[in-house]
Amino acid sequence: MEALRVAINIIFILVCVALTVLVLMQEGKSAGLGSISGAAETYWGRNKGRSMEGMLVKITKILAVFFMLLAVVLNLNVF
C-alpha cells in the first residue's frame with residue numbers, strides 16, 4: 001500500500017507542475033483599450049475555443065479537477 005501512496009504522490013506532483021505551467025502560459029483576461037472600440041469581436045475573439053488559448057483553458061480545467069481529486073484521495077489516509 002505504501003508503494004501506491006508514493007505513486008499517487010508522484011502523479012500529484014506532476015499534475016501540480018503541469019497546472020502551474022499551463023496557468024502561466026495563458027494570456028491575461030484584461031481586455032485593455034481594445035474592448036472599448038469593439039476590437040474584441042475579431043476572428044480570434046469569436047473562435048477562441050478552437051485556438052491555442054482555448055485548448056489551454058480546457059486542459060487547465062481538466063488538470064484542476066484531477067488535482068482536486070488527487071488531493072482528496074491523498075488526504076483520506078486510506079493508504
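Residues numbered from 1 in each chain as written. Predicted model: local features only at pLDDT ≥ 70, side-chain atom pairs only at ≥ 80, totals over all residues. Heavy atoms only, no water.

Novice: So what's going on with helix α1 (residues 2-25)? Which residues, and what values?
Specialist: With 24 residues, α1 should cover 34 Å at 1.5 Å per step; its first-to-last C-alpha distance of 35 Å lies within 8% of that length. All of the buried residues in α1 are I8, F12, V15, L19 and L22. Lining the buried residues of α1 we find α3 (52-75). (Helix = DSSP H or I, 4+ residues; strand = E, 2+ residues; numbered from the N terminus. Expected span 1.5 Å × (residues − 1). Buried < 20%, exposed > 50% of the residue type's maximum accessible area, 1.4 Å probe, protein only. Contact = heavy atoms within 4.5 Å.)

Novice: So what's going on with the packing of aromatic side chains? Residues and values would help.
Specialist: Tallied over the entire structure, the rule returns one aromatic pair. With 5.2 Å between their ring centres and 15 degrees between their planes, F12 and F67 make a pair best called stacked. Taken together, the residues span a long stretch of sequence, with F12 in helix α1 and F67 in helix α3 at a distance of 55 residues. The class for F12 is buried, based on a relative accessible area of 18%. (Phe/Tyr/Trp six-rings, centres within 6.5 Å; stacked < 30°, edge-to-face > 60°.)

Novice: Before we move on, can you summarise the environment of M25 with the specific residues and values?
Specialist: Within the secondary structure layout, M25 lies in helix α1. Sequence separation between M25 and L56 is 31 residues; the distance between their C-alpha atoms is 8.0 Å.

Novice: An account of the nonpolar core is needed here, citing residue identities and associated values.
Specialist: By size, the foremost hydrophobic cluster in this structure holds nine residues: I8, F12, V15, L19, L22, L56, L63, L70 and L74. Contributing elements (two or more residues each) for this core: α1 and α3. Looking at this core element by element, the count peaks at five residues for α1. Discounting chain neighbours no more than four positions away, the residues touching L56 are L22, M25 and Q26. (Core = buried A, V, L, I, M, F, W, Y, C linked by side-chain atoms within 4.5 Å.)

Novice: Give a detailed account of the confidence of the model for the chain, specifying residues and quantitative values.
Specialist: Summary statistics for the chain give a mean pLDDT of 83 and a share of 75% for residues scoring 70 or more. Confidence, read as mean pLDDT per element, is least for helix α2 (residues 43-46) in the chain (55) and greatest for α1 (95). (pLDDT = per-residue confidence, 0-100.)

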